[in-house]
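Inside the fold
Here are the chains, one letter per residue:
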Amino acid sequence: MSKSVGNVVDPFNLADQYGVDQVRYFFLREVPFGQDGNYNHEAIVARINADLANDLGNLLNRTLQMVDNFFGGTLPPVENAGPLEEEIARLADETLAEVDARMEDFAFDEALKAIWAFVSRGNKYIDETMPWTLAREEKGAELGVVLNTLYDVLRLSAMLLAPFMPGTAARMWDQLGLSGAPADMRYEDVKWGGREPGVKVRKGKVLFPRIDLAEWRKAR
């Protein structure tokens, strides 16, 4: 809404076009709480494709697909983690602390940036460890470490996202085979490495289908 120009944007219309959680994410990420901000439809689509489809949705889909393909949909037992996994575990603790601090300051955009840095680290970890190569070389123990690490990244991410994107967090929680609701979890309940062994994942629909920009522009 612009008080000087007198125009108003209908949030229900935006939610119908892009999805409630998608719109929540865009404005919480783009506009610092309590301040003015700008938006346009192409910026919303860009955020959906880059952050939600490519980063978060892709991480969930790839991880659950690998658990399905390599272990029949059941999270395997985890062996001793290596330096790379320990580094991600430290980042998890740092991310929890950072998000907690930013929420106390009502800096929701900064909290989301910290969560997305954590999600991006999970995607980078896949490229670093190449789990498909581990499977081909029949390195089951190492593969189990990788998939458990990715599972924990997603589990913590779902919990952290619950205040911002409750529907998305609940869908992630369900696909991860977890009971309860991520919004009800406390930090001490969802510590790194606290996953239950042998959990059965439930791979579902893609969280955020990519929007074809060319087709979207034609439709507009």
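Everything below is about the structure shown above.
These figures come from a predicted structure and were not determined experimentally.

**Some details on the overall build of the chain**
- Scanning the chain for helices and strands turns up nine helices and zero strands.
- Taken from the N to the C terminus, the helices and strands of the chain come in the order α-α-α-α-α-α-α-α-α.
- For the chain, the residues scored as buried account for 43% of the 220 residues in total.
- Restricting the contact set of the chain to residue pairs at least 6 apart, pairs at least 24 apart contribute 78%.

**Observations regarding the side chain of D109**
- With respect to the helices and strands, D109 occurs in helix α5 (residues 108-129).
- Although D109 lies buried, it forms no salt bridge, and the closest oppositely charged side chain, K113, sits 4.5 Å away as judged by the N-O distance.
- Contacts of D109, omitting those with residues within four sequence positions, involve L28, R29 and P32.

**Looking at the packing of aromatic side chains**
- This structure, assessed with the given rule, holds four aromatic pairs.
- For the pair Y25 and W116, a centre-to-centre distance of 4.7 Å together with 40 degrees between the ring planes defines the contact as tilted. Within this pair, whereas Y25 is found in helix α2 (residues 20-30), its partner W116 is found in helix α5, the two being separated by 91 residues in sequence.
- Here Y25 falls in the buried class, since its relative accessible area comes to 0%.
- Classification of W116 as buried rests on a relative accessible area of 4%.
- Taking 6.4 Å as the distance between ring centres and 70 degrees as the angle between the ring planes, the aromatic pair formed by F108 and F164 counts as edge-to-face. Separated by 56 residues along the polypeptide, F108 in helix α5 and F164 in the loop between α7 (140-161) and α8 (166-175) bring together distant segments of the chain.

**Focus on unusual backbone geometry**
- The phi angle at M130 is positive, at roughly 45 degrees, despite the residue not being glycine.
- Relative to the helices and strands, M130 resides in the loop between α5 and α6 (131-136).
- With a phi close to 60 degrees, E138 is a non-glycine residue in the positive phi region.
- Within the secondary structure, E138 sits in the loop between α6 and α7.
- Look at E138 and you get exposed, because its relative accessible area is 72%.

**Some thoughts on the nonpolar core**
- The biggest cluster of nonpolar side chains holds 54 residues, and the ones touching the most others in it are L56, I115, W116, L150, L161, M165 and M172.
- Secondary-structure elements contributing two or more residues to this core are α1 (11-18), α2, α3 (41-71), α4 (83-104), α5, α7 and α8.
- The biggest single contributor to this core is α7, with 13 residues.
- The residues touching M165, leaving out its near neighbours within four places in the chain, are D21, Y25, L52, W116 and F208.

**Side note on the side chain of T168**
- With respect to the secondary-structure elements, T168 resides in helix α8.
- On the basis of relative accessible area, T168 is assigned to the buried category, the value being 3%.
- Residue contacts for T168: discarding those within four places in its chain leaves D21, L56, L207 and F208.

**So, the pattern of salt bridges**
- Summed over all chains, the structure comprises 12 salt bridges.
- A salt bridge links E87 to R121; the shortest N-O distance between them is 2.9 Å. Residue E87 is located in helix α4, and its partner R121 is located in helix α5; the two are separated by 34 residues in the primary sequence.
- Overall, E87 belongs to the partly exposed group, its relative accessible area being 28%.
- A residue is classified by how much of its surface remains accessible, and R121, at 10% relative accessible area, is buried.
- In this structure, R102 and D105 form a salt bridge, with 2.8 Å as the shortest nitrogen-oxygen distance.
- A network of salt bridges, in which partner residues are shared, links R29, E30, R47 and D51.

Calculation rules
Residues numbered from 1 in each chain as written. Predicted model: local features only at pLDDT ≥ 70, side-chain atom pairs only at ≥ 80, totals over all residues. Heavy atoms only, no water. Helix = DSSP H or I, 4+ residues; strand = E, 2+ residues; numbered from the N terminus. Buried < 20%, exposed > 50% of the residue type's maximum accessible area, 1.4 Å probe, protein only. Contact = heavy atoms within 4.5 Å. Lys, Arg positive; Asp, Glu negative; His and termini not counted. Salt bridge = Lys/Arg side-chain N within 4 Å of Asp/Glu carboxyl O. Phe/Tyr/Trp six-rings, centres within 6.5 Å; stacked < 30°, edge-to-face > 60°. Core = buried A, V, L, I, M, F, W, Y, C linked by side-chain atoms within 4.5 Å.

By themselves these figures say nothing about function.
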